[in-house]
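# Examination of the molecular architecture
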Number of protein chains: 2
Amino acid sequence: MTSTDHPRRTRIQQEKRELILEAALEVFSTNGFRGSTIDQIAEAAGMSKPNLLYYFRRKEDIHETLMQRLLDTWLAPLRELDDIGDPLTELRSYIRRKLEMARDFPRESRLFANEILQGAPRIMPLLAGELKTLVDEKAAVIRGWMRAGKIARTDPWHLIFSIWATTQHYADFDVQVRAVLGPNRGGDGRFEDAARFLEQLFLDGLKPKT
Amino acid sequence: MTSTDHPRRTRIQQEKRELILEAALEVFSTNGFRGSTIDQIAEAAGMSKPNLLYYFRRKEDIHETLMQRLLDTWLAPLRELDDIGDPLTELRSYIRRKLEMARDFPRESRLFANEILQGAPRIMPLLAGELKTLVDEKAAVIRGWMRAGKIARTDPWHLIFSIWATTQHYADFDVQVRAVLGPNRGGDGRFEDAARFLEQLFLDGLKPKT
DNA sequence: CTAACGTTTGTCCAATCGGTCAAAAATTTG
DNA sequence: CAAATTTTTGACCGATTGGACAAACGTTAG
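Residues numbered from 1 in each chain as written. Chains lettered and ligands numbered in written order. Predicted model: local features only at pLDDT ≥ 70, side-chain atom pairs only at ≥ 80, totals over all residues. Heavy atoms only, no water.

Turning to the protein's contact with DNA strand D, a few remarks are in order. A:Thr10, A:Lys16, A:Tyr54, A:Tyr55 and B:Lys59 are the nearest of the 17 residues found near DNA strand D. Close to the protein, within 4 Å, the atoms of DNA strand D are drawn from sugar and phosphate at a rate of 57%. Interatomic distance of 3.0 Å between a backbone N/O atom of B:Ile38 and a phosphate oxygen of DNA strand D. Backbone polar atom of B:Lys59 to a phosphate oxygen of DNA strand D: 2.8 Å apart, as the coordinates give it. When residues in the surface near DNA strand D are grouped by element, the largest group, four residues, is from helix H3 (residues 49-55) of chain A. Looking at the surface near DNA strand D, its residues break down into seven nonpolar, six polar and four charged. (Near = heavy atom within 4 Å. Polar contact = N/O pair within 3.5 Å; in protein donor to acceptor, adjacent residues only side chain to side chain. Helix = DSSP H or I, 4+ residues; strand = E, 2+ residues; numbered from the N terminus. Nonpolar A, V, L, I, M, F, W, Y, C, P; charged D, E, K, R; others polar.)

Written as structure tokens, this is what we have:
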């Protein structure tokens with residue numbers, strides 16, 4: 001075994017497949033699945049359409065591979081949410097990590113958003129399975145913190161939703177955010193502003209009444 | 001003049017155009033612009049494709065009409081945000097109104113989200129113009145409340161973003177929300193749960209330190 | 001009735017779609 | 001080197017796309 005991946009592949013196949021997936025991420029994330037064409041992806045990857053189809057038989061195969069890889073990376077921050085540390089610190093760093101992902105991987109966020117928006121036809125089983133299991137597990141952790149009086153009592157699931165929504169907003173709605181903030185405040189500093197705001201919003205809202 | 005609209009139109013034209021727009025809202029909001037076909041819209045509207053094209057010359061015309069109408073309705077809650085009442089009450093009812101729109105007009109929300117996700121190619125001028133103006137105006141109102149000590153000091157723009165994000169999340173990511181909450185908690189009551197959670201999150205976070 | 005007008009449809013078109021295939025080109029292997 | 005294998009490409013296919021168009025149909029006014 002030369003690699004960690006399933007099928008036996010040459011070095012060229014590894015590289016070209018990676019090239020295609022990178023191009024497909026760009027195209028799919030801005031046009032959605034049905035709105036993207038193989039030609040677009042092929043051109044973005046710098047190869048001919050039949051050549052691309054030599055590495056991925058069908059358009060759906062590219063999208064599927066992309067989504068599988070995505071979900072792992074995407075849920076990593078939530079997996080790290082741990083029962084060990086201080087609850088407020090844990091939540092604060094979860095929010096920070098999630099916001100950093102929105103900043104550093106906006107295309108992945110938009111790819112995911114596109115899929116969900118259109119009814120998640122290709123990843124629904126993952127949502128109801130793997131994702132629900134993970135969220136339920138972490139919701140139980142958060143509930144434990146509430147029972148221990150470490151954070152204010154509220155709905156853990158909706159708390160997680162609100163963290164997802166507020167952080168991913170800066171990736172998915174980036175165009176709108178920049179348009180509204182204008183050239184000055186919409187520059188590179190907007191993520192630091194967002195981080196400061198979100199920290200205040202969530203922490204002061206979650207702080208137990210003493 | 002028989003109507004309030006621009007061009008002179010017969011009664012049948014008014015009705016059929018409305019029928020088409022309703023069908024197009026359904027199709028565009030779930031497939032995006034490029035992912036939707038005229039045939040799909042025509043079938044959903046119960047008419048033939050050439051017949052549909054008799055009322056709207058181009059596919060883009062339907063989308064454009066839809067977006068123009070949408071923006072007014074969509075920004076209505078924010079326009080109502082007023083300097084008159086009690087600041088915390090004003091913000092709380094803004095959040096409630098926005099959440100009600102996510103519940104009652106999810107297709108409109110998804111249509112808008114689709115457009116923004118794909119870089120807002122068709123409504124960018126509106127974002128940088130009308131929308132920015134309105135948000136800046138309301139941000140000034142909120143800033144006034146902060147200066148008066150009525151609510152905690154924070155970034156008004158990002159506060160508005162966070163309200164948009166958290167409320168629209170229940171329309172745009174509805175599939176995911178229901179999948180994660182499961183059959184019991186994901187039923188009709190999920191919006192009331194969300195309303196309770198959001199009220200707690202925002203109000204306790206915005207309450208001035210006394 | 002008929003003429004005028006508004007509405008609907010069947011047919012057609014060029015462009016584009018996802019995908020195939022055989023052959024050429026490049027690379028690896030002996 | 002030559003043979004075997006992998007990679008790349010041009011040409012092509014049927015299906016679907018957005019849209020055009022003239023003919024047919026329905027309705028109403030005189």
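Residue and element names in this part refer to chain B. At their nearest, the axes of helix H4 (residues 59-80) and helix H6 (residues 106-117) sit 10 Å apart, and the two run at 115° to each other. Considering the angle they form, H4 stands roughly perpendicular to H6. The chirality of how H4 crosses H6 is left-handed. Residues His63, Leu66, Met67, Leu70, Leu71 and Trp74 of H4 form the contact with H6, whose own contacting residues are Glu108, Ser109, Leu111, Phe112 and Glu115. For the contact of H4 with H6, the class distribution of residues is seven nonpolar, two polar and two charged. (Axes fitted to C-alpha atoms, helices over the stretch in contact; angles between N-to-C directions. Parallel < 35°, antiparallel > 145°, perpendicular 65-115°, else oblique. Left-handed = near helix turned anticlockwise from the far one by under 90°. Contact = heavy atoms within 4.5 Å.)

On to the domain arrangement of chain A, then. Residues and elements named next belong to chain A. When cut into domains, chain A gives domain 1 (1-57) and domain 2 (60-206). With centres defined by C-alpha atoms, the gap from domain 1 to domain 2 works out at 27 Å. The interface of domain 1 with domain 2 comprises 15 residues on the first partner and 13 residues on the second. Summing the contributions of domain 1 and of domain 2, the shared interface buries around 1400 Å²; its carbon and sulfur component is 66%. Our enumeration of links across domain 1 and domain 2 arrives at three salt bridges. Summed over the shared surface of domain 1 and domain 2, the result is four residue pairs in polar contact (both at pLDDT 80 or more). If you tally residues by element for the side of domain 1 that touches domain 2, the top one is helix H1 (residues 11-31), at ten residues. Considered class by class, the residues forming the side of domain 1 that touches domain 2 number eight nonpolar, two polar and five charged. (Domains from an automatic or database assignment. Buried area = accessible area lost by both parts, 1.4 Å probe. Salt bridge = Lys/Arg side-chain N within 4 Å of Asp/Glu carboxyl O.)

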